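# Structure at a glance
Okay, here's what each chain looks like letter by letter:
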Amino acid sequence: MTEQNSNLPVQQAEDGAAGAAAAAAQGRSGFKNKAKILAGKIWKARMAYLFLAPLMIGVLCFCYYPPILAIVRSFTGWQIGASSPNYTYSFDNYIRLFQDSVFLDSIWNMLYINIPKLIIGIVVPLIFAEMLFWVKRKKLSAVYRVMVLLPIITPGVIGTYLWTYIYRTDGLLNGLLGLFGADVNISWLNNAATVIPAIIFMGFPWIGGTSVLIYMSGLMSIPVEVGEAAKLDGARTMRVIWSLHLPSLMGQIRYFLVFGLIGAFQDYGIQVVLSGAGTVQRDIINSAIMVPGYYMYTQAFSEGNLGYACAIGTIIFLFVMIITAITFKVFNAQKFELD
Amino acid sequence: MQTETVRRKKISADRVRQIIPQVILNICICFLLFLMLYPLAMAIWNALKIDYLFENTKWYPTLPLVVTNLIDAFGLLDSYILNTVEVGIFGGGGLIIIASISAYTFAKMRFPGRKAMYAMVIALLMMPGILTLIPQLMIYRGLGLTKSDSIFSLILPLWTSGPIFGVFLLTSFFRGIPNDIFEAAKIDGAGDFVCYFRIALPICMPIMGTLAIMTLVNIWNDYLWPMTVMEDRLTIAAALVRVYTSEHSSNTTMQFAGYLVSAIPLIVLFVVANKYYIEGLIGSSIKL
């Protein structure tokens, strides 16, 4: 990246030099001059600002303004449909929130559901990408790659619905267990004791989608000569994986971990899907698999307690920020900065 | 002569030693792929099944295949599919234009505030979207978009918060293009926009294709926002969740037919573009 840095567009480098000379010449009114130079630079780069305008306007109005509004309103008793916006600010929502047993339990549910899911989502595609990597027939490997992507052709909710058939009382899982002599007759998703494992197990063997291919891209970017050298050294497969592949894939693992964590803390899609079709009873959703995100959703759109919902959102937001900051510190990720 | 046969035997023994692990590996892969694809296959054969056969034979395919359920389901879902296609074309198209020109600007142009603005955009990748849900809905209500059930309330988020990931993906890609090309073009009198449109874009077609497919898949999958903001003009996933599945809860084959129908546009997209997509993903080196 330093290479590119030194190749700054010629014109602008000259610009800077000229500006510096001018500043030295008229050293007296330094600040005024600096402002002038900056204004000149900005004018020179007006095309850049024009190009960025659509993005920046959208980002400011629809990505920065709403969360700020949410945090401000989380201190009010904002109700849906309340006509006169006469807000009084207090900590009431937060005090109530930390005495709300539904919310406190939902945090544990969220961890029980999403931590295993996160680990599975990172590890299993990695293992499968390794398996595909060692396939020698290039044609077969290409076919496998296409098949791995096949599940993306159906909307994700369909995957969930299909799994609800597997989990029904007369479903495939009970049938399979019956084959092995176990006479099981439960509706896996409608049972407080089994619903969380059932949700985690959904999507088994968890290899469909883009993750495997993202890992493959990491594996294929390892220079072939390095792999060949390892092979000549007589390194065993396991050793190549452990000391060559894994270190090279850290970037991908970090990516899945950080974005997986951010997603995990706020995820409530499965609750919406399962309650929408009436496949799972209300009280299961409202207790056994209630998560903070879904609690916020119901508080806002079923109960109309928008201020309270914003408080829940703010707490989730703080959680995610802290976790992300820690992961970034631990992994020392700096990929986000421009050179 | 004798040594020759010995050598041959040795080679074949070596080959066997190489082949056996490969065979085992391939069998394992095929088995896992089978498990993965089984629910999808189940959707397909149950969508094509005669109703009375379903109860006893739902776990495996049977003949004859009938398409009446598919046709019925298409009649019920076509307006939602059209909606989604519309959102995909306008929303997704805008997203890609905004993301690519912004990424080019960040990667290849120099201007005051460049780093700060980039950091501002990229920080949003880390921002949990859940906090924006409620105020955003209120903003859309304030703009009068929800009252008229305007499809614009599905398109606008794609133009505003949608491009963020694209900017992240494309900026690192544009940075990989050597500056010399652009400098040469500038000496020949090309402006910034020409550099972007004529040089940067053609080079980045595969990764743009990947971004396009990712975007379309996301639009196809999203049900939370459409369910929150729209009354009737839902996208397909939202329609499946809110309307279709509960309306046909007693008719399972009809449900499966709906699932299959809703996947048709993506199946077409996949058949046309999977090579592009895979190439782009493999070449993208998405990481942190």
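What counts as what
- Residues numbered from 1 in each chain as written.
- Chains lettered and ligands numbered in written order.
- Predicted model: local features only at pLDDT ≥ 70, side-chain atom pairs only at ≥ 80, totals over all residues.
- Heavy atoms only, no water.
- Helix = DSSP H or I, 4+ residues; strand = E, 2+ residues; numbered from the N terminus.
- Buried < 20%, exposed > 50% of the residue type's maximum accessible area, 1.4 Å probe, protein only.
- Contact = heavy atoms within 4.5 Å.
- Domains from an automatic or database assignment.
- Buried area = accessible area lost by both parts, 1.4 Å probe.
- Salt bridge = Lys/Arg side-chain N within 4 Å of Asp/Glu carboxyl O.
- Polar contact = N/O pair within 3.5 Å; in protein donor to acceptor, adjacent residues only side chain to side chain.
- Nonpolar A, V, L, I, M, F, W, Y, C, P; charged D, E, K, R; others polar.
- Axes fitted to C-alpha atoms, helices over the stretch in contact; angles between N-to-C directions.
- Parallel < 35°, antiparallel > 145°, perpendicular 65-115°, else oblique.
- Left-handed = near helix turned anticlockwise from the far one by under 90°.

## Describing the side chain of Ser217 of chain A
Take Ser217 of chain A: it is sitting in helix α11 (residues 210-220). A relative accessible area of 2% means that Ser217 of chain A is categorised as buried. The residues touching Ser217 of chain A, leaving out its near neighbours within four places in the chain, are Gln252 of chain A together with Leu281, Ile282 and Ser285 of chain B.

## Remarks on the domain arrangement of chain B
Interfaces are often sized by the amount of accessible area the parts lose when they come together. Residue and element names in this part refer to chain B. Domain parsing of chain B yields domain 1 (2-57) and domain 2 (68-284). The distance between the C-alpha centroids of domain 1 and domain 2 comes to 36 Å. Each partner contributes residues to the interface: domain 1 has 9 residues there, and domain 2 has 8 residues. Carbon and sulfur atoms make up 72% of the surface buried where domain 1 meets domain 2, a total of about 710 Å² over both sides. Broken down residue by residue, the surface that domain 1 buries against domain 2 is led by Ala47, Asp51 and Phe54, which jointly contribute 52%. Summed over the shared surface of domain 1 and domain 2, the result is 0 salt bridges. For the pair domain 1 and domain 2, the interface holds 0 residue pairs in polar contact (both at pLDDT 80 or more).

## Observations regarding the interface of chain A and chain B
Contacts between chain A and chain B engage 110 residues on the former and 103 residues on the latter. Contact between chain A and chain B buries roughly 9900 Å² in total, counting both sides, with carbon and sulfur atoms accounting for 77%. Between the two partners, chain A and chain B, sit 0 salt bridges. For the pair chain A and chain B, the interface holds 9 residue pairs in polar contact (both at pLDDT 80 or more). Per-element tally for the side of chain A that touches chain B: the top contributor is helix α4 (residues 46-73) of chain A, with 21 residues. A per-class count over the side of chain A that touches chain B returns 82 nonpolar, 19 polar and 9 charged.

## Overview of the environment of Asp232 of chain B
Residue and element names in this part refer to chain B. Looking at the element boundaries, Asp232 is found in the loop between α11 (224-229) and α12 (236-247). Sequence separation between Asp232 and Met126 is 106 residues, and the spatial gap between their C-alpha atoms is 32 Å. In this structure Asp232 touches Tyr80 and Asp149, once residues within four positions along its chain are discounted.

## A look at the domain arrangement of chain A
Residues and elements named next belong to chain A. Examined at the domain level, chain A breaks down into domain 1 (2-90) and domain 2 (96-331). In this complex, domain 1 contributes 8 residues to the contact, which on the side of domain 2 involves 10 residues. For the domain 1 and domain 2 pair, buried surface summed over both sides reaches about 720 Å², with 67% attributable to carbon and sulfur atoms. Broken down residue by residue, the surface that domain 1 buries against domain 2 is led by Ser74, Trp78 and Ile80, which jointly contribute 60%. Where domain 1 touches domain 2, the interface holds 0 salt bridges. For the side of domain 1 that touches domain 2, the per-class residue count stands at 4 nonpolar, 3 polar and 1 charged.

## Description of the packing of helix α14 (residues 250-266) of chain A against helix α18 (residues 306-331) of chain A
Residue and element names in this part refer to chain A. It is at 9 Å that the axes of α14 and α18 come closest, and there the two elements cross at 165°. The angle between the axes of α14 and α18 places the two elements in the roughly antiparallel class. Crossing geometry of α14 relative to α18 is assigned as right-handed. Residues Met250, Arg254, Leu257, Val258, Leu261, Ile262, Phe265 and Gln266 of α14 pack against Ile316, Phe319, Val320, Ile323, Thr324, Thr327, Phe328 and Phe331 of α18. When grouped by side-chain class, the residues that make up the contact of α14 with α18 number 12 nonpolar, 3 polar and 1 charged.

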